[in-house]
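Residue-level structural notes
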Amino acid sequence: MTPQDIYDKLQAQFGAGIGAFDAEARDPFVIVDASAIHEVGAFLRHDPDLQFDLLMCLSGVDYGPGKTLGVVYHLASMPLRHKITLKVEVPREDGCVPTVSDIWRTAEWHEREA
């Protein structure tokens with residue numbers, strides 16, 4: 001499945017919870033609303049066409065003074081051999097991103113570090 005196919009499937013399933021998509025980036029990415037990240041993650045993990053069973057990396061991002069904070073999720077499907085990156089941005093003040101550690105166990109460590 002191509003990154004475009006994955007984005008189209010997410011857009012159809014979640015609508016407004018899915019933002020911009022950049023297929024030309026070195027690692028194609030989808031912007032996801034912070035409030036939707038858990039539901040999107042569960043869908044990506046359990047949908048038979050997607051099977052994103054591996055969270056390769058989760059990173060916290062500080063976009064600089066006066067800008068937002070973010071979380072970047074690099075996902076892969078070992079059985080289906082495709083990848084996608086998700087990006088979430090939150091306000092610097094009172095920003096909150098729900099955990100995905102119940103979807104991918106390795107997220108627990110990554111989230112604490114981020």
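Before any of the text, the structure's been laid out above.
This text gives an overview of the structure that appears in the document. (Residues numbered from 1 in each chain as written. Predicted model: local features only at pLDDT ≥ 70, side-chain atom pairs only at ≥ 80, totals over all residues. Heavy atoms only, no water.)

Take the sheet that holds strand S5 (residues 82-90) next. Taken together, the 5 strands give an open sheet; going across it, the order is S1-S2-S5-S4-S3, and neighbouring strands pair in mixed fashion. Looking at strand neighbours, the two that pair on one side only are strand S1 (18-22) and strand S3 (54-62), the edges of this open sheet. Averaged over all pairs of adjacent strands, the angle between strand axes in this sheet comes to 20°, irrespective of strand direction. Bridging between S1 and strand S2 (residues 29-32) involves 3 bridges; their strand directions are antiparallel. Paired with Phe-21 across the two strands is Val-30, which belongs to S2. (Pairing = 2+ DSSP bridges. Helix = DSSP H or I, 4+ residues; strand = E, 2+ residues; numbered from the N terminus. Axes fitted to C-alpha atoms, helices over the stretch in contact; angles between N-to-C directions.)

A few words on the layout of surface pockets. Gaps between atoms show up when a probe of the same size as a water molecule is rolled over them. The volume enclosed by the largest pocket comes to roughly 190 Å³. Lining the largest pocket are 14 residues, with Gly-70, Val-71, Val-97, Glu-111 and Ala-114 positioned closest to its centre. For the lining of the largest pocket, the leading source of residues is strand S4 (residues 69-77), giving 4 residues. Here the residues of the lining of the largest pocket are counted per class, giving 10 nonpolar, 3 polar and 1 charged. (1 Å grid on protein atoms, 1.4 Å probe; cavity = no way out; pocket = protein on both sides within 12 Å on 5 of 7 lines; lining within 4 Å. Points joined across faces, edges and corners; volume = space filled by probe spheres on them. Nonpolar A, V, L, I, M, F, W, Y, C, P; charged D, E, K, R; others polar.)

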